[in-house]
Structure formats: structure tokens, C-alpha cells
Amino acid sequence: MQNIFICFLFISIIATLVFIYFDGVVLFKQEGFVKNLIKLIINPDPEFGLDFSVSYSASGEKKARQQHGEQVQTEQSAGPACDTVVMLTRIDPQAAHPTLLPPGLLMLETSDRATLTPRQACAVESGARQSGMVVNLVMTSSYLDLSDNTTCHLYTSTSNNINFFSINVTTIAKDTPLEQFFRDGQLNKSAYKIVHTSDVLRLLLVYMYGGFYLDLDYVVIRDLSHYHNMLVEVGFSRANPTYKDIRIGNNAFAFNKGHPFTKLALTDISKGYEPKCWACIGRLMAASARKLANTSLIENIPTSAQLSITPMQRMLPVHYSRIVNTMWPEVPVPFKTWEKLFRNSSAIHFNSKMTSNLAVPDDPQYSSYALLGPRLCPVAYYSSRNF
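Source: prediction; values computed, not measured.

1. Remarks on the overall build of the chain
Helix and strand counts for the chain stand at 13 helices and twelve strands. Taking as baseline every contact in the chain between residues at least 6 positions apart, the subset at least 24 positions apart corresponds to 81%. Of the roughly 18,200 Å² of accessible surface on the chain, 54% is carried by carbon and sulfur atoms.

Quick look at the structure:
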């Protein structure tokens with residue numbers, strides 16, 4: 001009897017420590033709690049790189065890249081179950097019975113479309129499979145159109161680990177540093193409204209609820225739940241970044257609810273927003289990080305800032321200036337080359353601004369998407385003839 005009590009006490013302590021370690025992230029969906037508990041006990045160090053291997057002969061000839069054709073809706077293959085729309089739960093912290101965003105991996109679709117492209121769906125699906133967190137997909141559309149084959153299959157196949165939400169952009173910011181910003185309709189002045197809406201909302205939602213934000217042009221390859229209060233280093237030249245100066249991107253970051261950085265960044269955006277500047281919100285975030293840390297050097301960031309800068313290779317293993325040539329090679333690439341390229345990564349950024357027009361040949365010799373898709377987001381990858 002005593003041995004049973006000791007065993008129960010040990011398990012309770014471990015479970016409590018794990019819950020604290022993950023900042024209370026909801027890990028109970030799809031056996032996530034058990035999975036992460038076992039992972040933490042057996043291997044407490046984060047793992048990076050591909051968790052699979054593929055055998056193929058890289059012996060093909062040189063092939064020119066092809067342009068992505070017009071996105072053609074794939075014929076519905078799920079039958080009557082998807083001849084409908086699904087109204088999404090709206091995040092509304094001001095309601096009498098408010099709907100709140102649970103902790104997890106946050107992704108945003110801010111174009112008002114009611115469907116996802118196959119590559120967007122791949123980001124969501126790979127996050128649900130690999131990140132160790134529940135995925136919260138927040139859309140400015142109020143509904144999902146399931147007549148789209150990709151959207152239907154994502155929703156019906158993996159939705160028990162994916163939450164779909166809608167958001168009212170004009171009311172979500174009440175009682176936050178951006179309340180006046182939205183009240184004044186600042187985003188309506190933007191020359192890049194979809195992009196800037198996403199840039200602002202990602203910071204706002206992480207400030208309000210906490211979590212890990214990731215763009216919809218990523219593929220998640222490893223667990224992300226060990227990242228806390230961090231920004232990702234980027235380099236702005238063709239050379240590798242030095243990892244000395246605080247230079248960060250805004251396509252991936254993670255913070256606790258109400259963190260001083262997100263609050264400061266939102267305040268700085270409300271004061272310094274430039275509606276005609278495409279990338280200026282990211283630059284404002286970098287300035288906010290330097291201000292909070294009171295330094296421009298990563299090595300001098302004090303512990304009191306509660307802020308870390310994650311090396312670029314963890315999320316962006318390929319510099320944007322080389323992404324087309326590297327991820328869409330014209331000469332055959334063996335698996336070992338892909339494995340080496342991604343060996344230090346948790347996720348892979350595909351920079352849709354530069355690559356959405358490129359077709360994906362269904363051959364891993366010529367496309368990293370063809371290597372990753374069938375294994376990390378098979379539902380999305382095979383949902384369309386035009387991935």
C-alpha cells in the first residue's frame with residue numbers, strides 16, 4: 001500500500017512540474033499531455049531536424065522551375081458532409097460569456113477568405129502533428145467554406161487538435177494599448193492592409209492570451225512547446241547573420257500573456273505606425289526589443305528583460321535571398337542534403353511572398369515541399385492537384 005502511495009505521489013509531482021514547465025498550455029488533446037510527459041522524462045533536451053528518413057536516388061536531370069498555375073478548386077471528394085459552411089466561434093473577450101483563446105500555437109488568416117490554400121493548410125496540419133501544442137487558427141472570415149476540398153479535409157481530418165476561430169478586428173482591441181489605434185481606423189489607411197492586419201493582430205492576441213505565433217507559410221518539423229518569451233534572429237544581408245545585434249523578424253515568436261515586450265511593442269505601434277511601409281511593423285518590434293533590453297547586442301540582454309533571441313536556423317534555416325534556389329533546386333538533391341540543411345531547425349519558413357508562384361513538383365529531388373508534405377501534412381498535400 002505504501003509503495004502505491006509513493007508511486008502516485010511521484011507521478012503527481014512530475015505531472016505538476018510538466019504543467020508548470022509548459023506554462024499551463026492545454027496538452028490534453030490527442031494524448032498530448034502523455035506524449036510530452038514521456039518526452040520530458042526520457043529526453044528533456046529539445047530535438048531539432050527531420051524525424052524521418054527517405055531513400056531515393058538523386059539521379060535525375062536538370063529541370064527548370066515551373067510557375068504555379070492558377071489555383072483551381074479541386075473537385076470535392078468528401079461527399080455531402082462538405083457541401084456546407086461552418087460558422088466559426090468568435091473570440092470576444094467583452095461578451096457576457098466571453099470566448100477566449102486557449103494557449104497554444106497561433107496562426108492567422110486575415111484576407112477575409114473562407115478557405116485555406118493547400119500550403120496554408122500544410123502549416124496548420126504540420127503544427128497540429130508536430131508542435132506539441134493545440135493549434136488556434138484565427139480568421140477574419142466568420143465562416144469556413146467546406147466546399148473547398150483542402151479546407152474540408154483539414155477540418156474533418158484533424159480538427160480535434162485544431163481550433164478554428166473568427167475575430168472582429170474592430171472590437172478585439174478594447175482595453176488594450178491598441179484600442180485608440182483601431183478606433184481611429186488606422187489599418188484602413190494601409191497600402192498593405194491584409195499584411196498589416198496580420199502583423200498587428202498576432203502581437204495583440206499573444207499579448208492578450210499568450211502563446212507561440214507562426215506564419216501560415218511554415219512547415220513545423222519538431223516540437224515547439226519548449227520556446228518561451230522569445231524572438232527569432234534574422235539577417236538582412238546575403239551573408240549569415242552574426243547573432244550579435246538584436247535584429248528580429250515577426251513571423252515566429254512566443255510570449256506569456258501580458259508580457260512587457262508585447263505591451264511595449266503594441267504601444268510603439270500605436271505611436272509609430274507607418275501605413276505605407278510594408279515591413280515597418282517588424283522594425284518597430286525590433287526597436288521595442290532593444291528598448292526593453294536597454295541594449296542593441298544579444299549578449300547584453302539582461303535576465304530581467306525576460307527576453308531571449310532564438311538563432312535564425314531554428315525557424316529560418318534558409319536566408320530569404322537563397323530560398324528559391326535552395327528549396328526549389330533545378331539539379332537533383334539527395335536526402336542527406338535536405339537532412340543537413342534542416343538539422344538544427346524546429347520549423348521551416350517558405351516565404352510565400354517569394355515562392356507562392358512556384359509549382360511544387362511531386363519529387364523530393366527538386367522540391368523540399370515534396371519531401372516534407374507527404375510526411376508532415378499529408379492531408380493538405382494530397383488534397384489538391386495544385387499544391
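2. Examining the nonpolar core
General note: in soluble globular proteins, nonpolar side chains tend to be found buried as a group. F212, M315 and L372 are the most contacted members of the largest nonpolar core, which has 62 residues in total. If sequence neighbours within four positions are ignored, L372 has contacts with L50, F52, V219, I221, I348, F350 and C377. Counting 45 residues, the second-largest nonpolar core is a separate cluster that includes V169, V206, I269 and M285.

3. As for the state of the cysteines
As enumerated under the stated definition, the model contains three disulfides in all. What pairs with C82 in a disulfide is C152, and their sulfur atoms sit 1.5 Å apart. An S-S torsion of about 55° defines the bridge between C82 and C152 as right-handed. A residue pair is termed long-range when its members are at least 10 positions apart, and C82 in the loop between α2 (32-42) and β1 (85-87) and C152 in helix α4 (residues 149-158) qualify at 70 residues. Take C82: its relative accessible area is 1%, and that puts it in the buried class. For the chain, the disulfide bridges join cysteines in the arrangement 1-3, 2-6, 4-5, where the cysteines are counted in sequence order.

4. Things to note about unusual backbone geometry
Positive phi outside glycine occurs at D175, with the angle close to 65°. One non-glycine residue with positive phi stands out, namely Q306, at about 50°.

5. A word on the sheet that holds strand β11 (residues 308-310)
What the eight strands build is an open sheet, ordered β2-β6-β4-β3-β7-β10-β9-β11; its pairing is mixed. The open sheet has two edge strands with one neighbour each: β2 (89-91) and β11. Going across the sheet, the axis of each strand differs from the next one's by a mean of 35°, ignoring polarity. Sheet topology places strand β3 (residues 105-109) next to strand β4 (residues 135-139); five bridges connect them, and they run parallel. By the bridge assignment for β4, L108 is matched with V138.

6. Here's the deal with the pairing of strand β7 (residues 211-214)
Neither face of β7 is open: one carries G211 and Y213, the other F212 and L214, and all of them are buried. Sheet topology places β3 next to β7; two bridges connect them, and they run parallel. Within β7, the position partnered with L105 by the bridge is F212. Bridge count between β7 and strand β10 (residues 248-255): four bridges; the pairing is antiparallel. In the sheet register, Y213 faces β10, and the bridge partner there is F253.

Cut-offs used in this document
Residues numbered from 1 in each chain as written. Predicted model: local features only at pLDDT ≥ 70, side-chain atom pairs only at ≥ 80, totals over all residues. Heavy atoms only, no water. Helix = DSSP H or I, 4+ residues; strand = E, 2+ residues; numbered from the N terminus. Contact = heavy atoms within 4.5 Å. Areas by Shrake-Rupley, 256 points an atom, 1.4 Å probe, with all protein chains shown as cover. Core = buried A, V, L, I, M, F, W, Y, C linked by side-chain atoms within 4.5 Å. Buried < 20%, exposed > 50% of the residue type's maximum accessible area, 1.4 Å probe, protein only. Disulfide = S-S within 2.5 Å. Pairing = 2+ DSSP bridges. Axes fitted to C-alpha atoms, helices over the stretch in contact; angles between N-to-C directions.

The values reported here are purely geometric and, on their own, carry no functional implication.
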